[in-house]
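Here's the letter readout for the chains.
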Amino acid sequence: MTAATTASSTLNPRHLTPQDDAALMAAANNLTASHAANSNAINANNDDSNNTEGGMNPATEGLARSNLLRLETVELLSESALHIHPGTALSPPNHRGSHSLAGDGRAHYEAKWSPAAREYLGDISRIVYGLGGCELSPAVCVAGGGSGGGGTSTSGEGWKGEKGMEKVLKSAHGGGDGKFRVPLMSDKFQKSVGRDSKNNHDKDNDQIGNEWKFPFAGGKSLHLEPIGSFAHLGNAGLANRHANGNVVPVLDVAVLFPAGQDSAATSDGDSAGCFVNGKDYLNHRFGDKRNILAVHIAKQLSQKKHRSKIGAVHLTHVFGDARKVALMLTPPLDVEEAIAKNDKKNNKTKVDKARDGNKRKRDDENDTKTKKKGKKLRFRIRLIFGVKNDQPSAPAKHHYEEYSSDEGDDEVGASSWNFWIPRTRLFPDRCNNRGEKLNSKDGHDNPALDKSTPHYTNSLAEDIHLVSTAHLISSTLATLTTAGSHVTPTSSFHETLLLLKVWALQRGFLRGHDTFTTTTLALILVYLYRTKAIGRRMGSIQAFTAFMKFWSEVDWLGENSLTSGNNMNAAKVLAHKIQKKAAFVIPEEGRNESQTVSHCEQSRLYAKDVRDNGQPSAPKTLLDCYKTHYTTSSSPYSSIASHSHHDSPILLDPTMTINYLARLSPSFVRESTAEARVALRLIHGQERQDATGAGAFRKLFLETNRFWTRYDAYVRIPLEMIPKIGGHRGVGKKTKGHGGRTGREEAEVWGHDANDVGFDESVRRGVVGVLSRALGDRVTGIRVFTSGNGDIRSNDSFNSGDDIATKVFFDSDQCYAIPIRGGNATVGYAANVSDRAPIQSTCPSEGEEPCLVVGLRIDPNGSRRIVDRGPPAEDVEGSDAFVALWGEEHAQLRRFQDGAIVRAVVWNAPAASAPDASVRFAGEDRSMGGIVERVTQHIVKVQFTHVSKKGKNPTLVSFELRDMLALIDGVTSSTRPSPFSDSLALHKNVMSAFESLADFLRRNSLTAVDNVLGKKVSALGLPLKIDEVEPLSPCLRYAALFPPVPHPLLGGPELDDDKRKISGANEGSPILIQIRFEGSSKWPSSMNAMGAAKCAMLIQLADGIEKMKKGGSRSAADDLDGFDGPIDVTPNYLDVGYRGYSFRIIVRADQELRMLRNLRNPTQEAVALRLSLINRHVRGSMHHSLIHAVHTRHPSASSVARLAQRWVAAHMLSDMIPQEAIELIVAKLYTESSMNDNSKWQTVDTSPATVTAGFLKFLQLLHSHDWAREPLIVDPQNHISAYDRGLIQSQFNTVRGPDFVKGPAMYIISPTDYDGVEEMTVAKVVGEGDSTIPQPTAVTEKIWAPTVTATFPEKVVLSRAAALAKCSYDHLTSCLVLGIKGNSWAAAFRESSSSLTSYSALLRVDSAYITDSGCSSTNPDCACIAGKRDDNRSIQSPFERSLHKRHAGRNESRKKNFKNLTLEKDTLVSIEKSIL
């Protein structure tokens, strides 16, 4: 198999097979050998010293790894790239040329549907350019006002006569329910709907409280021009659907309208020929005009006469910003006919067809399938509205045309300015949006009205630089491609950008409201190329690595040097961050960065402004001004309050008027930089990879890790709970909040930046900022759910029907679009800005209430901290901020042991006494982040909840899918908790009894000289001392699904008063332990005698315990009363009751293993016996230690293993999949994290901290792992070296065979699964000094083979388990994504009746023999309901009810039913396994 066929165009991580990896590795090694032949670093004389365990030299290995990654990306890049020439379709009719691309060989790399796309663009441009002039008004945007028309051609009745406007005006005055299609927020709009018309006066508008109209000169004043990847030279960044997150390509086109002030300006500042003018940059006026124009054009395009050509028209958001409206155009489905016609016209040569054959093969196959099912959508057009730049500039050039990069043109573009906005208004310290001036006494003096608005100003600059940004990228690309090339130009820039796009898409870092865009990725690359950080000769992998290094190492927020130990106030933190924060300027062509700054006209203008205004405290340079106004005093290491949340990275254009990274929040920067560090570790081979070394490519570009799989817990905050925009503008009357706090007090914690970033974004950033302060080190990451994080398998983006024009559609980006037709179903915005609630940034599911979803990555070590201490008492400002955060009732003065008296919040209130508490489980603090959940509930209730005047209690938020814990733990929030409620306590009771029993056996087996007998004897009468008592049972490693409960007939406490009501049978298996005697040469030398000696040891142990019980103990430490019940001895084990538990003791005789190993010609029976003894005694003990260590280090791991057992049993697979295999799979999840948990950097791929996250990852691993082609290596303690991993892969390939059908179905390897594992404890075989013990050598290769899964599960069982895991994973994920309440998750633990039809035979068991019917596979008990007690508040979980039933047993087995039994002599029977 060649390297060209390895990558998957659908980005499926299971596409690459080990044969593909082997072929790629061989090709990489061949390339490496050619490079290494000329390298002085590799010396043939030093091979032995340079090689490690038979591996390659580190330098050679790194080169091979780099070559392998490069080869793997070749096909990915070729399958991902997409080329479309815009042509002249967007030019005005009188400017269109006559040339066409039809038959032009220079464009032969274009997509085959490109002609249809150009034709569709031509139809759009003809309609837009043909629009007539009219007067526009807010009436255009009234929801339900119809899809036709929009503006009015005369001033006649004005817009109050428009359809639906009376309802809007009535709504603005307190009645009615009128809504607008788009948010209109300007001061002129508010006055036009009659708000405070008697008291307010706008000097810029003579129409007071009256209609607001403005002229639109028609389509002749507009200009359409491609932007984004569609306009880049070579379509850099444009990708097909497979590499585009399963979203059809969206071609961006700018609709540019004129702006400025000319001689024809009217007295109120309006220019006769300009759409925006005067002071329209203030107070959202520009945004309202732009959005009204967008709706007007949308209505024109959606008219019935244009539907056959234009198709569906939807309103959508740009960058996820609700304040910026764009149009999403979906072509009609008959566009396929145009494609077919143009294909016939294309006369390609044989060479062209051969060249395109491989690339089109998959598309042709998909087309064939699609024709059978229906037509397929190929592309969409997005119209983004901006300002036309009338300054002279070079025309945009595309693809094969030569692009001029003359230095003089750059100078003109950098210095000239022809916009209506004064350049000084684009300084980041200017306030261009003062918000609402409400009718209040203190509104004019409120500092919130005079704060700088850098984000609002930057939003204006974005609309100015739509075209210039595309020119900036294309001019850089022109320097990297060959001028005059007759093919579509490509370079390492194009390839790197595609790799970055795929990398970001797989992580949900693209196309969201708080994520990268393809343009921002391209601009960062432009900076790296222009600063020579990436050389022209670098390949795509090298450039990709340089990008990751740059993004991960730069201190974008100025907080890298801050730690939790820094005791600084807000001013010091802010000064420190400003000093350390990085800020960059993209250099002009021919200049470096410092020269660009010094020659920048904007920088000079700012310096002059500072000098003229005499501001000594102002930043001296424009760059420092950007750093000052894009930095706050908040940090992830402190609880310092911040009055804004506009902390953003800085990357400026050469004119220093726009910050391309201003929309990125601190949470995104931290998350993305952490992912970049992981990428670097993968590229450099510092992460664990599979034996072929192909793990880096798969993890970087194929595996999807979006929002719903990145976090441990998810919280849904209903948007209706959050106070509306009027309560967080820093103005207005003090409305009552929760706990008696006022609206002004709430604004002190969040909402100060609403005028700058917008109310919706202020809420999102406020939630993250406030939760970060409250949770502190309990979490390592907080992120709000953004668009761009949907299910990447979604087909909604390219499956469309005839009714799409009247329906809301969304794709895998969760970017939804509202149809311009069917207005009654659209999302509406209230006319009164103060009455608007925040909107959801992603598409709400059907029937789901709008909400804000927050993901939390929990630190299991710090999450159980119960005290939050406030600042010192002398810090008055900090103490006030602490009280404002937590509330007066919770932030109470407390005195600590160190003598400090500070305000603090304590979270150790009893579960039953907590107010408004939901059902709390016993293990939620250690396995579900219980304290984190309670802190989140409190903060949301205090800071983000508006309580209505009726006094209704707010909805209590909680972690999603938390109720799954009911299957493995009890409820502690009841007033009378059940003794079966705490599974951890039950496990600890068992382990305490084991430790006591082990201590008893070791102490009483010590030999001492008996003066009477004259020989060494022990209290138990054993001839040898017991060296070790080793646990083997799952309940001794926190892994028992139902931990054993002490039985009264075995010495346990009596839970019922009447002994006759207790069960005479002990449900469950006995607790298995093994004893190891000291080494001695007196062990017999034959196998038969060895078995008899072991049985004699057990008999003597039983007799010794009975004698000690009768004769009394010599030590007070011996708990002889704990031995109760019968003691049974068999040839293989001893059963004894101790402290209410049934222990089963077996003997491990290492001499027996030694004899079997030394046999020269062992029989098959001897080989099988040796393997059985090693598996039981050696591997069983090592497995127990390994799993116990994992469960001890990771608190939620044991709960996940137990929940996985419940899931396996629910699907009737419990006897087919070994429990040890389940434990190893769970251990794999918790020990293969990409980053060290102790790292100071934010982690992104840590082990799960909650049961829900761990269980979902268990299901994902079970169904996604390629069991037939890849072994699963579990190595929690790094015992398996890289060389051994290579051996495992090699031996796995040998066992599987060429067809991958042989060997164990589930191939799991742990550190105990190699031949000779008993040699690790060989010192216990005989006495010390035995020189015949074989010592392992470095030359001997270990033979690795699975033992736990050697025979089970079978292939058919594994196949069914994987299919069930996928169904369960999809169902639970959908419950998580859709926010489904109740016990809908229980379907994952239920077998449907239809699934039973796949079995050949069904055996029905009489219900009288069923102990616990709640564990039924078809009708399981999964709900928390009230128990059968007098107290109505008693709530029991399914786990408690099941455990109680198992403890009580069946009625037939209770003691009262047997007349011949007396209380003086107790008899106990044991049922090995209960029927589930």
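Whatever comes next refers back to the structure up there.
Values in this document were obtained by computation on a predicted structure and should not be read as measured data.

Student: Quick one: what's the story with the environment of Ile 227, residue by residue and with numbers?
Tutor: Considering the arrangement of structural elements, one finds Ile 227 in the loop between β4 (223-226) and β5 (250-257). Among the residues examined, Ile 227 registers a relative accessible area of 5% and is labelled buried. Each residue touching Ile 227, except ones within four places of it in the same chain, is listed here: Asp 252, Val 253, Ala 254, Ile 384, Leu 466, Val 467 and Ala 470.

Student: Outline the nonpolar core, listing residues and values.
Tutor: The tendency in soluble globular proteins is for nonpolar side chains to be buried side by side. Core analysis: the largest hydrophobic core is formed by 113 residues, its most contacted members being Trp 886, Trp 1207, Phe 1258 and Phe 1389. Here the element with the most residues in this core is helix α37 (residues 1355-1378); it accounts for 9 residues. In contact with Trp 886, not counting residues within four places along its chain, are Ala 774, Asp 868, Ala 891, Val 905, Trp 907, Val 935, His 938, Ile 939 and Val 942. Within the second largest apolar cluster, 68 residues are counted, among which are Ala 236, Ala 478, Leu 510 and Ala 543.

Student: Break down unusual backbone geometry for me, citing the residues and quoting the values.
Tutor: The linkage connecting Phe 1352 with the following residue, Pro 1353, adopts the cis geometry, with an omega of 0 degrees. At Arg 1139, a position not held by glycine, the phi torsion is positive, near 55 degrees. Accessibility expressed as a relative area gives 30% for Arg 1139, which makes it partly exposed. Backbone geometry at Asn 1278 places phi at a positive 60 degrees, although glycine is not the residue there. The class of Asn 1278 is exposed, set by a relative accessible area of 53%.

Student: Can you break down a negative patch on the surface residue by residue, with the values?
Tutor: On the surface, Glu 874, Asp 875, Glu 877 and Asp 880 cluster together into a patch of negative charge. The exposed category is assigned to Glu 874, whose relative accessible area is 66%.

Student: Pulling in residues and values, what's your account of the environment of Leu 700?
Tutor: Checked against the element boundaries, Leu 700 lands in helix α22 (residues 695-702). Between the alpha carbons of Leu 700 and Leu 500 there is a distance of 9.7 Å; along the sequence they are 200 residues apart. Discounting residues that sit within four places of it in the chain, Leu 700 has contacts with Trp 503, Arg 507, Phe 544, Ala 679, Leu 682 and Ile 683.

Student: Any chance you could break down the sheet that holds strand β16 (residues 867-869) for me, citing the residues and the numbers?
Tutor: In space, the 3 strands of this open sheet follow the order β16-β18-β17, with antiparallel pairing throughout. Each edge of the sheet is formed by a strand with only one pairing partner; in this case those strands are β16 and β17 (892-895). Within this sheet the neighbouring strands show an average axis-to-axis angle of 50 degrees, counted without direction. Pairing of β17 with strand β18 (residues 901-906) involves 4 bridges; the strand directions are antiparallel. Within β18, the residue paired with Arg 894 across the bridge is Val 902. The sheet contacts of helix α26 (residues 876-886) involve β16 and β18, and relative to β18 the element is tilted by about 20 degrees.

Student: Residue-level account of the packing of helix α14 (residues 492-506) against helix α15 (residues 518-530), with values.
Tutor: The N-to-C vectors of α14 and α15 enclose an angle of 135 degrees; their axes lie 10 Å apart at closest approach. The orientation of α14 relative to α15 falls into the category oblique. Considering the relative orientation of α14 and α15, their crossing is right-handed. Residue-level contacts link Ser 492, Phe 493, Thr 496, Leu 497, Leu 500 and Lys 501 of α14 to Thr 518, Leu 521, Ala 522, Leu 525, Val 526 and Tyr 529 of α15. For the contact of α14 with α15, the residue count by class is 8 nonpolar, 3 polar and 1 charged.

Student: Quick rundown of the packing of aromatic side chains? Include the residues and the values.
Tutor: This structure, assessed with the given rule, holds 44 aromatic pairs. Considering the side-chain rings of Phe 1077 and Trp 1083, the 6.4 Å spacing of their centres and the 55 degrees angle between planes classify their relative orientation as tilted. The exposure class of Phe 1077 is buried, given its relative accessible area of 6%. Measuring from centroid to centroid gives 6.1 Å for Trp 1385 and Phe 1389, while their planes differ by 85 degrees, and the two rings are edge-to-face.

Student: Please give an account of the sheet that holds strand β11 (residues 713-718) that cites residues and values.
Tutor: As summarised here, the arrangement of the 3 strands in space is β11-β15-β12, forming an open sheet in which the pairing is antiparallel. The outermost strands of the open sheet, each flanked by one partner alone, are β11 and β12 (779-784). Each neighbouring strand pair of the sheet contributes to a mean axis angle of 20 degrees, computed without reference to strand direction. In this sheet, strand β15 (residues 851-858) lies alongside β12 in antiparallel orientation, the contact comprising 5 bridges. Across the sheet, Val 779 pairs through a bridge with Ile 858, a residue of β15. Across the face of the sheet, helix α25 (residues 759-775) comes into contact with β11, β12 and β15 while running at roughly 165 degrees to β12. Against the sheet, helix α28 (residues 930-943) touches β11, β12 and β15, its axis set at about 145 degrees to β15.

Thresholds applied
Residues numbered from 1 in each chain as written. Predicted model: local features only at pLDDT ≥ 70, side-chain atom pairs only at ≥ 80, totals over all residues. Heavy atoms only, no water. Helix = DSSP H or I, 4+ residues; strand = E, 2+ residues; numbered from the N terminus. Buried < 20%, exposed > 50% of the residue type's maximum accessible area, 1.4 Å probe, protein only. Contact = heavy atoms within 4.5 Å. Core = buried A, V, L, I, M, F, W, Y, C linked by side-chain atoms within 4.5 Å. Patch = residues over 30% accessible without salt bridge, like charges linked within 9 Å, V, L, I, M, F, W, Y side chains within 5 Å. Areas by Shrake-Rupley, 256 points an atom, 1.4 Å probe, with all protein chains shown as cover. Salt bridge = Lys/Arg side-chain N within 4 Å of Asp/Glu carboxyl O. Lys, Arg positive; Asp, Glu negative; His and termini not counted. Charge placed at Lys NZ, Arg CZ, Asp CG, Glu CD. Pairing = 2+ DSSP bridges. Axes fitted to C-alpha atoms, helices over the stretch in contact; angles between N-to-C directions. Parallel < 35°, antiparallel > 145°, perpendicular 65-115°, else oblique. Left-handed = near helix turned anticlockwise from the far one by under 90°. Nonpolar A, V, L, I, M, F, W, Y, C, P; charged D, E, K, R; others polar. Phe/Tyr/Trp six-rings, centres within 6.5 Å; stacked < 30°, edge-to-face > 60°.

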